Structures are given as C-alpha cells and as structure tokens.
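# Chains, contacts and geometry: an overview
Spelled out, the chains give:
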Amino acid sequence: MDELDRDLMVAVATYLRHAGAVAEQETRDIRTPLGERVSAHLGVDVTTVPVVSEPIPDHRLVDADLVLERWQEAGGSLIGIRGGDYRMHAETAELLANPHTRFAPGPADYLERPTGPDTTRRVVGLGVRLLVFDGVPVAVVQRAAYERVGRETASVDVLGRDPEVVSGFLRRLREEMVAVSVLRGQVITLAHAENGVGSRAGFLPRPRVHSADVVLPDGVLAEIIAHALGIGEHRALLLGLGQHLKRGILLYGPPGTGKTLTVRHLIADAVGTTVVVLRGEGLGHVQQAAAIARTFQPSIVVLEDIDLVAMERHQYPQPLLFEVLDALDGLDGDADVAFVMTTNRVDVLEPALAERPGRVDLAMELPLPALPERVRLLALYARNLAFSPEALQRAAERTAGTTGSFAKELVRSSVLLAAGRAEEPADEHLAAALDELLGSGRRLTRRMLGDEGAAAEDRADGSA
Ligand SMILES: Nc1ncnc2c1ncn2[C@@H]1O[C@H](COP(=O)(O)OP(=O)(O)O)[C@@H](O)[C@H]1O
Ligand SMILES: [Mg+2]
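Below is a summary of the structure that appears in this document. (Residues numbered from 1 in each chain as written. Chains lettered and ligands numbered in written order. Predicted model: local features only at pLDDT ≥ 70, side-chain atom pairs only at ≥ 80, totals over all residues.)

Below, the discussion takes up the environment of valine 302. By secondary structure assignment, the location of valine 302 is in strand E12 (residues 299-304). By C-beta crowding, valine 302 is classed as buried, having 24 other C-beta atoms within 10 Å. (Helix = DSSP H or I, 4+ residues; strand = E, 2+ residues; numbered from the N terminus. Buried ≥ 20, exposed ≤ 12 C-beta atoms within 10 Å, placed from the backbone.)

Listed below in structure tokens is the structure:
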C-alpha cells in the first residue's frame, strides 16, 4: 500500500462517517410537518405506531363522516393536508413521514355525497381528524374513493399509541355507522364510479305504484307480495320453528308484461324496507348489494333483467349469474332479505338455476295478458277517457298476443289521433288507432311494445 492509497482510504472512511451522520439526521427529520402535528396529538412519534387501515365501501363514507364528525365535535379537530396532488396518491405513512414531500397541515378536502333522493352532505374526502377516544388520543385519516389514483374504496386509517384502543375505536365506528346510516330504509341503486370499477350509490325516490295500477291474473300479485313481504312479517315465528327467512323470487315473462311495474309496486308497498336495485352494468355490484341488504334488514335486492348481462358475456356458465347465486348463498338463512330477479329469458337462466336448486323459492310467470286482463288494462289506461265498455271490449278482442305496454300505447295513440283531428277522444279514435298499430307498417313498433304476434309474423316472413 503506498502513500496515495492510504490517503484515499482515509478520505473515503471520513466521507462514509459523514454520510452516515447525514443519513441519521435525515431519518430523524423525516417526519413531515403533518407528522409532527399528529405526533404532538398522539404524544408519541408517529413513525413508531402502526397505521391500522379500514377500507369502507364508498357508499358508506357518509356514514363514517357522520360518526367521526360527531366524535370530533365532542372534543377534537380536523386538519387537511397541504402538499399538492401527490397527497391523493400518498399512503398515510408517507403523508406523515417523508424526506421528499413535506406534507403540512392545511385545509381539508371536501366532497358532496347524496344522503337521500333529494339531499346531499358535504363530507371529508381527505382529512385528518385528531380525536380523543375513551380518554386516549387517536388520529384518523379519512379518505373517499378516488379511482383516478387507484383507490377503489374509501378508507379510515387509525393511529394511536395503544393497539387495543385502536381496535376498540374501529369496532365502535362500525357499530355507530350502522346506527346512523343514511342507507337504512332507502331505495338505493349502485352504479360504476365514473373512473373505474368502484361503486357509487344513488338514492331513488320510493315509487308510488298502487296495486290497482298492476293488472295481472287473479292472485299473482298477491302471491308475489306475500312471499316478498309477508314472510318477514312472520319473522319470529319462522325463526322459532327453524325456518329460513331469506328468499329468492324470479319474475319471468315476455317484455312489457309488467315485471318492472310489479317490482315498483313491491317497493312502494315495502315502506321502511331497505331496497337495492341493480340493473345493467350495475348488476356487477351484487356482492355490495348483498352486504347492504345484510346490514340493513329487512331488505330487498332487485336484480333487473339478469339475463341481459348473463348473455352479454357469451359464456357458460355465466359468471354474473353465479355471482348472484353466490351472493344469495352467502347470506345467512335467517337474514330477512328477499332477492327479486326479473328476466325476459327464463330459458337462459333455467339451467343455472336448476343446477343449484333452492336459491329461487318462488318463480312467477307474468304471462301475456288474456282477454279479461286486456280489458282491464285498456280500462286502466283509459280511465280518464270516455270510451264505451263495448269499444274497450272490441279492442281487447283484437289485441291477443299484446302486452300491457301495448295497451298503454294504444290509448295514447287514440288520444293523439283525436287531438290531431281537434276532437274529444271517442270510440272511433280507439278503433282507428288500433287499425294503425296493427297495420303491417307498424310491425316493428308492435314488437317494440312486446307484441308476440308481430314477432311470430316476422319469424314466418323470415324477416327477424
Ligand atoms: N301487467 C301490467 N299492468 C299494468 N300496466 C302494465 C302491465 N304490463 C305492462 N304495463 C305497462 O307497460 C309499461 C312497461 O312494463 P314493464 O313493467 O316495464 O314491463 P317488463 O318489465 O315486464 O318488460 C309499464 O310501465 C306499464 O305502463
Ligand atoms: Mg323490465
């Protein structure tokens, strides 16, 4: 080893000692101003306590916000986070300790979220609540889902000195979120979030459809309602006798025969019952719907036109359908939950349902209306008009194979026709409108209105 080597090694060793000291200093200073603030609240260095993270479906964020705000008002504070857009990406640990971005206390981020069909609430989308729980300081980072950066669920991250206290905090939070929930007793629909696969809840006004608005063969509507709602009314008795409450109802029949209308009447009748309605792409959220149904019993989960999504996938077995069946299976038998499914294509579903028996315990056909029902349908939709009973009877006789939606459209066409002639709607308009609708030029219209006769004519022509 010559002189030069020795000098170099001494220099390197000195440098390394210096580097170590700098690194140590940096580790000590790594807490962000936000981390300092939270440490001061907790009375302990935040970098030494674990972050306990609880994901929350975004549609429960309002519930969490209600509870946490109440606890905060009882003695706590809310701080937001300064530090640019990166705060949305950063995990809680990075917000609190970070050598690169010096996240600092600032204003909280807020979002508007629905709390009912006509109401919203301003909730914290990103903020830190400094609370005292059971006399012990606790910090909570509250976040909304934010698909743009890959956050599919909302979350609360809890920090505290004592793991027992943190667990107790989360337990109480879950309980209180159920107690104060804005979802209970509401009619909710779940759809895809704008930017991704997460779900967003929407509130629907409870429909107002009277039993007199639904024309079905005698006894059909009553049986559906009794099965969906009556079973819950005998809850104690059934459970006492070891019988399950959970039930699955399938309404099937051609398009336009009143399946959706029947469901709307059922929802209207089920005042106080929590209802989750899924249709189209929203059907993908069936597990979330089942979770809501389980938490907020008594409840109804409506799955509209389940065949559509099942067929879209061109696969067998249809994954969605099995997901639905799994969701049904996953609920305890004593859950007061009714699954109501509708379909125009029972043939598509039947094999899967037969393969796993017992999930659907009432399958009701809503058939094409027979003559007496067609008369009642026309009378219903013409109730404010002066058609004679004979004209209604004649029209009903001519409309074999058509549906309730056809009856409604027929009456509307009659009114339009009369209006075009500046006349009061009368029997002749009803007959003329029917001629027009039944004319061969309107076959497609009739099919759109669910006319099986038109479909059959098309098939005979080879035009379908
Ligand atoms: N059984 C029925 N009783 C009364 N109106 C009906 C009936 N069937 C259909 N309609 C009318 O047609 C419309 C469409 O029916 P809908 O319930 O959507 O049919 P589906 O869901 O079976 O395809 C209803 O809103 C209603 O105005
Ligand atoms: Mg429908």
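There's more to say after this.
Contacts to ligand 1 come from 15 residues, most closely from Gly258, Lys259, Thr260, Gly404 and Ser405. For the shell around ligand 1, the elements supplying multiple residues, two or more each, are helix H9 (259-269) and helix H16 (404-420). Here the shell around ligand 1 is composed, by residue class, of six nonpolar, seven polar and two charged. Two domains each provide a minimum of three residues to the shell around ligand 1, namely domain 2 (202-365) and domain 3 (371-461). (Near = placed C-beta within 6 Å. Nonpolar A, V, L, I, M, F, W, Y, C, P; charged D, E, K, R; others polar. Domains from an automatic or database assignment.)

Where helix H14 (residues 371-381) meets H16, the closest approach of the two axes is 9 Å, and the angle between their N-to-C directions is 40°. Put simply, H14 runs oblique to H16. For the element pair H14 and H16, the recorded crossing hand is right-handed. The residues of H16 that touch H14, namely those facing Arg374, Leu377, Leu378 and Tyr381, are Gly404, Ala407, Lys408 and Val411. When grouped by side-chain class, the residues that make up the contact of H14 with H16 number five nonpolar, one polar and two charged. (Axes fitted to C-alpha atoms, helices over the stretch in contact; angles between N-to-C directions. Parallel < 35°, antiparallel > 145°, perpendicular 65-115°, else oblique. Left-handed = near helix turned anticlockwise from the far one by under 90°. Contact = placed C-beta atoms within 7 Å.)

Attention now goes to the sheet that holds strand E14 (residues 362-365). A sheet is described by the order of its strands in space; here seven strands give the open sequence E9-E8-E11-E12-E13-E10-E14, paired in mixed fashion. Bordering the open sheet on either side are strand E9 (199-204) and E14, each of which pairs with just one other strand. The average undirected angle you get between the axes of adjacent strands in this sheet is 20°. Where strand E8 (residues 187-192) meets E9, six bridges bridge the pair, whose relative direction is antiparallel. Looking at the pairing, leucine 190 lines up with alanine 201 of E9. Its contacts with the sheet place H9 against E8, strand E10 (247-252), strand E11 (274-279), E12 and strand E13 (337-343), and it is angled at close to 160° to E13. (Pairing = 2+ DSSP bridges.)

Within E11, five of the six residues are buried, leaving the element largely enclosed by the surrounding structure. Relative to E11, E8 runs parallel, the two sharing three bridges. Bridging across to E11, threonine 189 finds its partner in valine 277. Relative to E12, E11 runs parallel, the two being bridged by six bridges. Looking at E12, one finds that arginine 279 is bridged to glutamate 304. Each parallel crossover has a hand, and for E11 linked through helix H10 (residues 286-295) to E12 it is right-handed. (Right-handed = clockwise from strand over helix to strand, strands pointing away.)

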